[in-house]
Every structure is written in C-alpha cells, then in structure tokens.
Amino acid sequence: MKEVIRQKQETVEQIVTWMKEASSVVIVDYRGLTVAEVTALRAQFRQNGVVYRVLKNTLIKRAADQLGIEGLDECLNGPTAVAFGMEDPAAAAKIIRDFTAKAKKMEVKAGIVGTQVIDAKGVSALADLPSKDVLVAKLLGTLNMPISGLVGVLSGPARALVCALEAVRKQKEETAA
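The model shown is predicted, which means the values in this text are computed figures rather than measured ones.

About the criteria used
- Residues numbered from 1 in each chain as written.
- Predicted model: local features only at pLDDT ≥ 70, side-chain atom pairs only at ≥ 80, totals over all residues.
- Heavy atoms only, no water.
- Helix = DSSP H or I, 4+ residues; strand = E, 2+ residues; numbered from the N terminus.
- Rg over C-alpha atoms; globule rule 2.2 N^0.38 Å.
- Buried < 20%, exposed > 50% of the residue type's maximum accessible area, 1.4 Å probe, protein only.
- Contact = heavy atoms within 4.5 Å.
- Lys, Arg positive; Asp, Glu negative; His and termini not counted.
- Charge placed at Lys NZ, Arg CZ, Asp CG, Glu CD.
- Pairing = 2+ DSSP bridges.
- Axes fitted to C-alpha atoms, helices over the stretch in contact; angles between N-to-C directions.
- Core = buried A, V, L, I, M, F, W, Y, C linked by side-chain atoms within 4.5 Å.
- Arc of directions from axis to C-beta.
- Parallel < 35°, antiparallel > 145°, perpendicular 65-115°, else oblique.

A. Examining the overall build of the chain more closely. Scanning the chain for helices and strands turns up 6 helices and 5 strands. Each helix and strand of the chain, placed in order from N terminus to C terminus, yields the pattern α-β-α-β-α-β-α-β-β-α-α. Its C-alpha radius of gyration of 28 Å places the chain more than 25% over the 16 Å reference for a compact globule of 177 residues. Considered along the principal axes of its C-alpha atoms, the chain spans approximately 105 × 35 × 25 Å. Within the chain, the fraction of its 177 residues that count as buried is 33%. Across the chain, every contact between residues at least 6 apart in sequence was considered, and the portion connecting residues at least 24 apart equals 83%. Computing the positive centroid from 24 side-chain charges and the negative centroid from 20, the chain places the two 3 Å apart.

Written out as structure tokens, the structure reads:
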C-alpha cells in the first residue's frame, strides 16, 4: 500500500512541476477518441513543445492546491487529460481547437494561465492569440521602426544634395551643348 501512496505523491510532484514550468495548461475531456486520433494528437503536441497526459482528477486537484490555484473543482470530473504548453502559451489551445473542429469528440473543460483558471471561452480566446514567434517579430518590427525613420531623416539631406548636384550637371550639359 505504501508503494501506491509514494507513486501518487511522485505523480503530484510531477504535475506541480509541469504546472510551474508551463506557460499555459488546457484541461480536456477526451471521451470518444480512438487510439489513432490520440496518437496523432500526441504527435502534434510533441512537435509544438506541449506535454499531454491523462491524469487522475484527485491528483490534479492536489497539485493545484499546492500551487494555490482555485476554481478547478467543478471541471475535475469524468475522464481528464491535461496539455501543458511549455514553450508557446497558445500552442496547446490552438492544437486542441483545431482538433476539436475536425473530430468534434474532445471537450475543453478549463485552462490555467499562470495561477488564473479560465473557462472554455477563455481557452478559445487564448487559441486566437498569435504564436510567440509572431509576437516577437511584431515587437522587433515596432522597435525597429524609429531607427528606420531616423535613418530616413538623416539620409534625406544627403539625397537632396545628390539630386541637386545631378540637376546642376544636367543643366551644365544642356548649356554646353
């Protein structure tokens, strides 16, 4: 009996670690999925840095209690799988949204961002966010804009001088001819 308790404690510790490291967590009801569908889903998760596990509700609740996360009690019933988005906060939500649009077998129960519990609509909104790479690119573009403007302003007088010299050259050619 002590071995079972030790294994459950280790599982709770692992769930706590995943919750701490994850940028987002999506909790789903996976009823009705075939083995082939689960295998394809797991492959997508692995490619996008998402840890996907089927876990016992009581162990998820214990891990959430240890982290001070409240509001999961009503969604922790029935078969439960958890997707921990380790790299991109929106990755797990996007994969699940796309999968449920095709298969219509999986149901989102809730999500966690930081220590805040969000409902299925919140998870859907999270899925609509651009990926981390897109957000970084937009930020860099925004940061680069003032520098580009400065280069344009500083190169303006030099460009004007070149244009003026070219006009003078053309004028002298016309008068010499």
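Next comes the rest of the description.
B. Region of interest: the sheet that holds strand β1 (residues 24-29). Taken together, 5 strands build an open sheet; the order of strands is β2-β3-β1-β4-β5 and the sheet is antiparallel. For this open sheet the edge positions go to β2 (50-54) and β5 (116-118), each flanked by a neighbour on one side alone. Strand-to-strand twist in this sheet, taken as the mean axis angle between neighbours without regard to direction, amounts to 20°. Bridge count between β1 and strand β4 (residues 107-113): 5 bridges; the pairing is antiparallel. Pairing of I27 across the sheet is with A110, part of β4.

C. A look at the nonpolar core. Ranked by internal contacts, the top residues of the largest apolar core, which has 23 residues, are I15, M19, L72, F84 and I112. Put simply, the parts of the chain that give this core at least two residues each are α1 (2-21), β1, α3 (57-67), β3 (81-85) and β4. Per element, the largest residue contribution to this core is 5 residues, and it comes from α1. Among the nonpolar cores identified, the runner-up in size contains 22 residues, and A81, I95, M106 and V108 belong to it.

D. Fine view of the pairing of β1. Judged by how many residues are buried, β1 sits mostly within the fold: 6 of 6 residues are covered. Along β1, one buried face is formed by S24, V26 and V28 and the opposite face, lined by V25, I27 and D29, is buried too. In this sheet, β3 lies alongside β1 in antiparallel orientation, the contact comprising 5 bridges. Counted as the bridge partner of S24 is G85 from β3.

E. Main features of helix α5 (residues 120-127). Of the positions making up α5, those classed as buried are V123, L126 and A127. Each buried residue of α5 sits inside an arc of 100° when the element is viewed along its axis, so together they form one side. Elements that come into contact with the buried residues of α5 comprise β1, α4 (91-103), β4 and β5.

F. Main features of the packing of α4 against α5. The interhelical angle for the contact between α4 and α5, taken along N-to-C directions, is 105°, at an axis separation of 8 Å. With respect to their mutual orientation, α4 and α5 come out roughly perpendicular. Where α4 approaches α5, its residues A93, K94 and R97 are matched on the opposing element by V123, L126 and A127.

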